[in-house]
Structures are given as structure tokens and as C-alpha cells.
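# Report on the structure
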Amino acid sequence: MKRLLATNISKIMKFIDIGANLTDPMYQGIYNGSAKHEPDLPHVLERSWTGGLDKIIITVGTLADCAPTFEIVKNDERLFATVGCHPTRCGEFVPDPEGYFASLCQQIEQHREKVVAIGECGLDYDRLQFCDKAIQQQYFEKQLELAARYDLPLFLHCRNAHDDFAAILQRNRDKLPRRGVVHTFDGSLEVAEALIADGYAIGINGCSLKTEENLSVAAKIPDASIMLETDSPWCEIRPSHAGSKYVRSKYPTVKKKEKWEAGSLIAGRCEPVMISQVLEVLAGIKGKPAAELADQYYKNTAKMFFPAKGSD
């Protein structure tokens, strides 16, 4: 079995990954509809726990994601989930809006101990070919009712849509005392500051750290407002990314079919264990000890999503 090689960073720190797409077919060995290797999610999870992950929140982006997600989380006290509909999938509401909404409610109620946020929901104007603006706006706002009904924070998505996104949140602010986190943030400092001023946290992953401009923004975001994520299997930190020069943890990978064996990390597929690299980039651009930041980000996340457990 391939052994995970990395620095000792994870041995003295613990992490919560706020966004991992663990129902993605890649973790079943399927890439672009073609099977390349055996399902290896158990290996992915074992690497996560060994690498310092304390909890992982699995992202749900559509009603169809719920059944496989809750099958994964049901027997592991370290795994949790969101429930919601991604903006590019909001067309699924249209044939039966009330029925779809009722089904989301049913999923939350049936798995109440495992659901820690509403989402992934929001607006995505970069991919309007999948769902037009009006439908995205209507059903983003509709999902805010779930946050209010179940007293849960939001796991939010915003792409090239800040003005409309902020307006919808603002007019519903009184019903959203728990607020939430804007994940995979790659916007301007001005946008980040506006979100933070209204009580929202900022989720940082590899896609938040691609360019020098991204690094400049992330360096200025207050540590008390940051949460770490991987958005696995997406958003790995690649050698071409500006943030890669700060990465210290190394995870040897193999090509997905030619050299795969049980325990292998797959080239081009991000995993929760790689959250250590996100931390390393933030420590590098902020000029602060990684352990200090890890502790702060863990507490931020625990306070929002696991308040009953406190921030210990």
C-alpha cells in the first residue's frame, strides 16, 4: 500500500473541512463516466483522519445527493452534511416547487443530527447555461426559509453575482441569525469586508489562492472570519497557482488508472487531507505560525457549525 508522505504539520493541529464533495464519482473510481480504478473512499477518509481532520462536512448540491451522502455519514461521528440545492441545479425546483422544498425539509428532519448547514445555495452567473438568473434568485431566496425554519447556518456559493447575492441576503437578514459562510471565496477585499460586516465567514480553499491578487486579498481577511475547506475533489493547489510557493506538505500521487493501487492518491483529484496545504499558504502570506492559525480557524468553524460542542 502506498504510504502518505507529508510534513509533521497535521500531527500537532486539527482541522474541520467545511466543504468536501465526497459523493463525487471520482471517489468511486469513475472519471468522465469511465471507470479507472476501484472505489476508494474508505482510503480517502482514512488519510483524512490520519492527516489531522477532526470533522468533515459533505456538501450536498441537489436533492439526489442526499441519499448517498447520508449513507456515507450515518456510521461515523466525524462526518456531517449540508442540505440544499446548488444555484446551477435550481431548475430542479421548477416542475414541483413545493414538493421539492418539502423533500429538502424531509431530508433535514430525518437526519437532523447530521445536518449542520443549508446549502450549497446561492447565485452563479458564470454558468447561466445551466440555470437562468431569475430561477436562481427565486430558489436561493426560497432556501433561506430552510435556514430560518431549522435554525441552521448557510453554506453559500457566489460567482460573479455579488450585488444580487448581497441584496437577497440583506432583505432576509432578520430571519438569518446564524448567518453562514461564503465558500470558495475568490472575490475582492471590498466584497469580503461587506460580507464580514454582515456576519458572514469566508471559506478559503485552493481556488481562493490561485493568483497574486487572490493572495493579497486573503492576506488581509481577518483570521477570526476565515474557515478552511478543500472543495474536494476540486480546487487542489496546483504548481501553477500563486499560492503553491508556500506549500510544504507533499502528497505523492499516481495516475488514476496506470499505477493505481489501494491507498494511492490520484493526480488531479483533491482530498480533504490536502487542507494542510491551504493552511500553509495562509500562514505564508500572513507571516504567522501555522499552528496559531489552525487553532483560530478550527474555533471559528466549531462555533458556527458545532455550537453545542463549543470551541474546545
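A brief look at the structure comes next. Keep in mind that this is a model prediction, so the values were computed, not measured. (Residues numbered from 1 in each chain as written. Predicted model: local features only at pLDDT ≥ 70, side-chain atom pairs only at ≥ 80, totals over all residues. Heavy atoms only, no water.)

Moving on, we come to the sheet that holds strand β1 (residues 15-20). Within the open sheet, the eight strands sit side by side as β1-β4-β5-β6-β7-β8-β9-β10. Their pairing is parallel. Lying at the two open borders of the sheet, with one neighbouring strand each, are β1 and β10 (226-228). In this sheet, adjacent strand axes meet at a mean angle of 30 degrees when their direction is disregarded. Bridge count for strand β6 (residues 115-124) against strand β7 (residues 154-159) is six bridges, and the pairing is parallel. Counted as the bridge partner of L123 is C158 from β7. Helix α5 (residues 162-171) contacts β6, β7 and β8 (180-182) of the sheet and is inclined by roughly 150 degrees relative to β7. (Pairing = 2+ DSSP bridges. Helix = DSSP H or I, 4+ residues; strand = E, 2+ residues; numbered from the N terminus. Axes fitted to C-alpha atoms, helices over the stretch in contact; angles between N-to-C directions. Contact = heavy atoms within 4.5 Å.)

Tallied over the entire structure, the rule returns one disulfide. Here C207 connects covalently by a disulfide to C235, the sulfurs 2.3 Å from one another. With the S-S dihedral at roughly -100 degrees, the linkage between C207 and C235 falls on the left-handed side. Of the two residues, C207 sits in the loop between β9 (201-204) and α7 (212-220) while C235 sits in the loop between β10 and β11 (253-254), which places them 28 residues apart along the sequence. Of the residues examined, C207 reaches a relative accessible area of 17% and is grouped as buried. Judged by relative accessible area, C235 falls into the buried class, the value being 13%. For the unlinked cysteine C105, the closest cysteine sulfur is that of C66, found at 11 Å. Residue classification places C105 among the buried residues on the basis of a relative accessible area of 6%. (Disulfide = S-S within 2.5 Å. Buried < 20%, exposed > 50% of the residue type's maximum accessible area, 1.4 Å probe, protein only.)

Turning to the packing of helix α8 (residues 275-286) against helix α9 (residues 290-305), a few remarks are in order. One can describe the packing of α8 onto α9 by two numbers: an axis separation of 9 Å at closest approach and a directional angle of 115 degrees. Relative to α9, α8 is oriented so that their crossing is right-handed. Together, L279, L282, A283 and K286 of α8 and A290, L293, A294 and Y297 of α9 make up the contact between the two elements. Classifying every residue of the contact of α8 with α9 gives seven nonpolar, no polar and one charged. (Left-handed = near helix turned anticlockwise from the far one by under 90°. Nonpolar A, V, L, I, M, F, W, Y, C, P; charged D, E, K, R; others polar.)

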